[in-house]
Every structure is written in C-alpha cells, then in structure tokens.
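What the coordinates show
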Amino acid sequence: MSDDVWGHVLADLEKDMSKAKFQSWIASLSFTEIQDRVARFDVPTTFIGNYVDQHFSDQIIYGFNRAGRAVDRLRFDVNAIRRDGPVPVPPAATTARTATADFGADMDPLGLPIDPNLTFDSFVVGKPNELAHAAARRVAEGGPVTFNPLFLYSGVGLGKTHLMHAIANELARRQPELRVLYMSAERFMYRFITALRERKMMEFKHALRSVDILMVDDVQFMGGKDSTQEEFFHTFNALVDARKQVILSGDRAPGEIKDMEDRMRSRLQCGLIVDLHPTDFELRLGVLQSKVARQQEIYPGLTIAPGVLEYLAHKITSNIRVLEGALVRLFAHASLVGRDIDLEQAQDCLSDILRANDRKVSVEEIQRKVSEYYNIRLSDMVGPKRVRNFARPRQMAMYLSKTLTSRSLPDIGRRFGKRDHTTVMHGVKRIDELRQTDSQIADDLEILRRALEQ
C-alpha cells in the first residue's frame, strides 16, 4: 500500500520538476515506510538527504497527504542502496568531480555539488547586495582576472553562498570546459587530514592545483588551524600565480577572522572584498514576491491576500533564509488546512518566527540614536523648536518609531513632547516621501535602521 502511494507521489513530482532535477535528487530516494506520520527513506549520502529535505520536503509531504497518507515530516537514513550502479550526480556538480579524478577512485569526491537552482536569475538584487552581485557577475563572465581573490562576506542567510553557486552555474553554462571546484572550508580541512592519514598528499595537491576556478565557502573556520592554513596558503599562491581565479566567502572580513596567520590574512586582502549588507524592506519584499510564484506552482489555486507579503517583509528581518522558510511553511500550512492565505493565518502559522524576529527597540532608544547621529541634543529633538536642524531629525525619529516599534501614533506623539498624533502622521508621511527621492535621506535611514536592529 505504501509503495503504491509513493508511486503516485513520484509521478506527481516528476510532472512538477525538470527531468534533470528529478533524476539527480528524487530518483535516488528509496522509500521504506510511514510510521507515526514520518515518511522514511534510504539515501546514498547525507548530502542528498539534506538537500532533498531542504528543497523538496514540502512537495513530498504535500504529495503524501494528497494521496491520503498523513505525513508531517521526512526522515532520511544513509544506506548503500545502489550497490549495483553509481549514485546519480547532479549535472551542475560534474565539473567539481572532474577536478578530483586523480585523487583516487576509492575516495569521496573532493568538492561539493553545485545547486542548479541557485543562479543569477533567481538572485534578487537590491541596494544592500548590488555591489556583490556585480562583482560575482564580472567573475562569472570568465574574462581576464581583474581581482583575485574575490572575497564575499556577510552574516548568515544574506546571499553569499547563493552567489558562489550562481558563479559556478554561469561558468558551467558559458565555459563548460573549465574545471571548477567548489568546497567548504570544513570540507577542505577534512580532505586535507584524510590525505595526510592515507599518505595521498601529492594527489591532494595535484587535484587542488589543477583546477581553473577554486571556490571555498566559510573560510573563517580555518582560523586557528595552522597546518590547514599553511596548505591552503600554498594552494592559494599557486593558483593566483597561475592566473587561476579564487573565490572565497566568510562571515566577516579577512582582517576580522580570529586566529588567522598574518600572511594568510594579507593574501586574502589582496583582491576585492565585498560586504553583503543586511537586507532592507524593499529587498525582503522583492525576495518574497519572487518566491510566491514558485510556491503557487507547488500549490496551485492558493492565493495570498494583499498586504501579507509587506507584513512579513516588515516583521522578519533576520535573514533571507528565514524569510523564505516562513513563506514555504505558510503555503504548506494553507494547503493542509484548505484555505487561502490572509494576515490572520500568517500571524497564527508563523507566530514562533515572528516572536523571534520581534523588534525590541524602544522609542527612547531611537531618539537617542538619531540625536547622536545628527549631533543634536535630545532635549531639542523632543522640544518645541521647529527649525529645520531639529525638525528633520525629529521626523526621522518618528518614522523609525512607527516602523520599528509597535507603538501607536498617539503614544509616539506623547513621547515627542506631547505632540498630537496628526503631527506624527505628517512626519512619517514626509520621510516616506523623501526616502524615495532623496538618496541622502534613504542612506541615513538605512544606517540608523542597521544600528538599531543590531
């Protein structure tokens, strides 16, 4: 019975996705059972299980429930289920594996697969990430190396890994003959230690230095690992000297990575270093709008009420990954309960995420921060003077109080020298108009917002 149900789910999945994606990820699953509303699968590798769980779990759960089997979550157990043949390899990951051909057929691939969904087309560009996007695009064009390395850094979930995969996908499309190797710093360390233990250092060195493009994610994890840093330093130098492109990412700038050797830090700083800034409202809204179409393909017929996306973009500010996850959950929940998405349902379904992202900033903190930024006294901001030097910062503080706190307009007015709520309303409206036409006002708002949300 369960096998028949899985057959129906498979058929639906095959209709809803490309042949390459289905063969690369879904075909490698071996369904075993449903127990306590958990569907269990055998998978050939942990990576495939994690990838399917992250990218396709909602579709699979929806398929089971639509077929009449109650499933709330999936579980993946690593098992050598395909001993009679090779494990399917995602097409975009082929270049990374080609670069490891001389490393030994008995060992795991050196690099990690590239996600074919993480492309430049699926990357939403906004003011906080436009420079990083432009730099990544330039490298992906495959022309002469103009900056080497390219170092992308940001906090969690702001798009640096997406850009790394987008570069690899674009290079594979433009120049499929290139040998592109993508790996995490953790993966580099693991393969380095394995090569030492199995006395295969020459193969390891050759595999790394024979690539055309080396991409390493999360290099901050090399901090304090002296032997790993030394090997990476020599690999880095060999590739740069041979005019091979190196692309790196981290959660902080090279100069801020703890326990990094000075020569390594200096080498990392010799190229282009680009910061992906925290998202602003417009970028978060753009991401949500771009993802809604995909969710409506998975759940046809579901609609989302006006204002819900704007609400989520205002409330969930931590990172893009959390924002996307919230939207996926919201659509899955709506499909299971059989109702369209409105604001009330969003608040109920996402209550835990909304609480975690609830802004704790106070009106008083906003007033202090704005006063310091514009170099005026706090008493002048809340006082009766209407001169421009005080009026504009006062309006900025009112606007931030309205957008960053849950205070009502009358309450905000009382905290600004007992002003009427209509005065606050006018100030908020004025700043909202100016930020769209005055770049200085827009920049000031973004700087203040970041400072207050830290």
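All of these numbers come straight from a predicted model, not from anything done at the bench.

Conventions we followed
Residues numbered from 1 in each chain as written. Predicted model: local features only at pLDDT ≥ 70, side-chain atom pairs only at ≥ 80, totals over all residues. Heavy atoms only, no water. Axes fitted to C-alpha atoms, helices over the stretch in contact; angles between N-to-C directions. Helix = DSSP H or I, 4+ residues; strand = E, 2+ residues; numbered from the N terminus. Parallel < 35°, antiparallel > 145°, perpendicular 65-115°, else oblique. Left-handed = near helix turned anticlockwise from the far one by under 90°. Contact = heavy atoms within 4.5 Å. Nonpolar A, V, L, I, M, F, W, Y, C, P; charged D, E, K, R; others polar. Pairing = 2+ DSSP bridges. UniProt positions renumbered as here; feature names shortened; annotations may be inferred. Buried < 20%, exposed > 50% of the residue type's maximum accessible area, 1.4 Å probe, protein only. Salt bridge = Lys/Arg side-chain N within 4 Å of Asp/Glu carboxyl O.

The next thing to look at is the packing of helix α8 (residues 201-209) against helix α9 (residues 226-241). Two numbers describe how α8 lies on α9: the axes approach to 10 Å, and their chain directions differ by 40 degrees. As judged from the angle between their axes, α8 and α9 are oblique. Crossing of α8 over α9 shows right-handed handedness. Where α8 approaches α9, its residues Met201, Phe204, Lys205, Leu208 and Arg209 are matched on the opposing element by Glu231, His234, Thr235, Ala238 and Leu239. When its residues are assigned to classes, the contact of α8 with α9 shows five nonpolar, two polar and three charged.

With that settled, the discussion passes to the sheet that holds strand β1 (residues 30-35). Taken in spatial order, the three strands of this open sheet run β1-β2-β3, and their pairing is mixed. Bordering the open sheet on either side are β1 and β3 (73-78), each of which pairs with just one other strand. Mean inter-strand twist for the sheet, computed between neighbouring axes without regard to direction, equals 25 degrees. In this structure, β1 lies alongside strand β2 (residues 38-43), joined through five bridges in antiparallel fashion. Within β2, the residue paired with Phe31 across the bridge is Phe41. This element, helix α3 (residues 46-66), spans β1, β2 and β3 of the sheet and lies at about 150 degrees to β3.

To continue, consider the UniProt feature "binding site: ATP" (unreviewed entry) in the chain. The positions UniProt marks with the feature "binding site: ATP" (unreviewed entry) are Gly157, Gly159, Lys160 and Thr161. Among the structural elements, Lys160 can be located in helix α6 (residues 160-174). With residues up to four places along the chain from it excluded, the contact list for Lys160 reads Leu152, Tyr153, Ser154, Gly155, Asp218, Ser249, Gly250, Asp251 and Leu276. Position of Thr161 among the secondary structure elements: in helix α6. By relative accessible area, Thr161 is classed as partly exposed at 24%. Among residues more than four places away in sequence, those in contact with Thr161 are Tyr182 and Asp217.

Applying the stated criterion to the full structure yields 27 salt bridges. Note that Asp212 and Lys244 form a salt bridge whose closest N and O atoms lie 4.0 Å from each other. With Asp212 in the loop between α8 and β6 (213-217) and Lys244 in the loop between α9 and β7 (245-250), this pair connects stretches of sequence that are 32 residues apart. Close ionic contact of Asp411 with Arg415 constitutes a salt bridge, the shortest N to O distance being 3.1 Å. Linking Asp411 with Arg415, this pair stays in helix α19 (residues 409-415), spanning four residues, or about one helical turn. Exposure remark for Arg415: the relative accessible area of 25% places this residue in the partly exposed category. Here the salt bridges share partners, and the residues they tie into one network are Glu364, Arg407, Asp411, Arg414 and Arg415.

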